[in-house]
Amino acid sequence: MDIRQLKYFLVVAEEGQITKAAQRLHITQPPLSQQIQLLERELGIQLLERGNRNIRLTEAGKALRDRAEQMVELVKLTMNELQEVKEGVKGHLKIGTISTAESYLLNKIQKFHLDFPSITFQLWHRETKKLLELLNLNIIELGIVRFPHDVSRYDYVALPDQTLVAAALEIGSNDSKTICLKELSDRPLMMLRRDEPMIREYCQQAGFDPYIFCLSDDIMPLLFWANAGIGIALIPSSTKNLLAKFSLDFKEIINPGVAVTSAVIWKKNHTISSAAKNFISML
């Protein structure tokens, strides 16, 4: 018993005549009659009472009709659902992200959700090295990581550069939205551990060795400490709103400006889901 036979049987049951059913199905009468007979032999029971002109369903035929309608509808729904998964309209998207990209990711997820409301998500928050491990193990499909990093094994889309900002309860006495890097000399600076080499190099180019008070793998402690007045956090600009309730002062660092770059990466020469492809296309 296959789905085609069930569809044929349902049309015969609706039309009440083999001839009309064959016309509706755009096939000749003999093949249709043969399929119904094969179905009866396979099930070992008579489904139709055949008259001179019309046919009637037996009790077994009526029972099969009810079940066949459900099965045909289920197959239709399943095919539609599989097509939606193929097109990336349904499915799951597994993304890993560094903490400093969360604000950027949230904005993109909001837009993506409007276009693909049936896609569900699983998120992992890790540092870049751990995200690469998850990607290589196929636990995640996409990773948002910090550059510079060796990405020769991956395809990627570079995200817009983010300038670094200084965050503290009070930075300087003027109302300027910017601050020169040299003005931070001798101030207790707090930063992400991965940013230390870059920031130290920029400071030395500006003519001073930075007073690095705290290094952290997570940005949240830096914001908490800055809000407690302990030091000045140097953070990517997109993370300013992570703690909106705090009264931190933010100033963009200039002369020289300091920027960080992130990227969305995925395994090269590896099949990814249609949902992931649609997310990449949106970027």
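No experiment lies behind these values; they were computed from the predicted model shown.

Enquirer: Hey, could you run me through the environment of Leu-134 in this one?
Expert: Tracing the sequence through the fold places Leu-134 in helix α6 (residues 128–136). Measuring from C-alpha to C-alpha, the distance between Leu-134 and Ile-179 comes to 38 Å, with 45 residues separating the pair along the chain. Excluding its chain neighbours within four sequence positions, the residues that come into contact with Leu-134 are Trp-124, Arg-126, Ile-139 and Ile-140.

Enquirer: Would you take a moment to explain helix α8 (residues 219–227) for this structure?
Expert: Note that an α-helix has 3.6 residues per turn; residues three or four places apart therefore point the same way. All of the buried residues along α8 are Ile-219, Leu-222, Leu-223 and Ala-226. Down the axis of α8, the smallest arc covering the buried residues is 95°, so these residues share one side. Looking at the buried residues of α8, the elements they touch are β7 (162–168), β9 (189–192), β10 (212–216) and β11 (232–236). Of the residues that open α8, the one with a side-chain oxygen 3.2 Å from the backbone nitrogen of Met-220 is Asp-218. Two residues or fewer after α8 comes Gly-229, characterised by a positive phi angle close to 80°.

Enquirer: Can you help me understand the pairing of strand β3 (residues 90–97) in this one?
Expert: With eight bridges connecting them, β3 and strand β4 (residues 118–125) associate as parallel partners. Within the sheet, the bridge partner assigned to Thr-97 lies in β4 and is His-125. A crossover connection joins β3 to the parallel β4 through helix α5 (residues 102–115); in handedness this β-α-β unit is right-handed. Both β3 and strand β5 (residues 142–147) contribute to a ladder of three bridges, which runs parallel. In the strand pairing of β5, Thr-97 is matched with Ile-144.

Enquirer: Sorry if this is basic, but what is going on with unusual backbone geometry here?
Expert: Across the chain, the bulk of peptide bonds are trans and the bulk of non-glycine residues have phi less than zero. Here Asn-255 and Pro-256 are connected by a cis peptide whose omega angle stands at 0°. Structurally, Pro-256 is set in the loop between β12 (249–254) and β13 (259–267). In this structure, Asn-138 takes a positive phi of about 65° despite not being glycine. By the secondary structure assignment, Asn-138 is in the loop between α6 and β5. For Asn-255, which is not glycine, the phi dihedral falls at a positive 50°. Within the element layout of this structure, Asn-255 appears in the loop between β12 and β13. Among the residues examined, Asn-255 registers a relative accessible area of 54% and is labelled exposed.

Rules behind the numbers
Residues numbered from 1 in each chain as written. Predicted model: local features only at pLDDT ≥ 70, side-chain atom pairs only at ≥ 80, totals over all residues. Heavy atoms only, no water. Helix = DSSP H or I, 4+ residues; strand = E, 2+ residues; numbered from the N terminus. Contact = heavy atoms within 4.5 Å. Buried < 20%, exposed > 50% of the residue type's maximum accessible area, 1.4 Å probe, protein only. Arc of directions from axis to C-beta. Polar contact = N/O pair within 3.5 Å; in protein donor to acceptor, adjacent residues only side chain to side chain. Pairing = 2+ DSSP bridges. Right-handed = clockwise from strand over helix to strand, strands pointing away.

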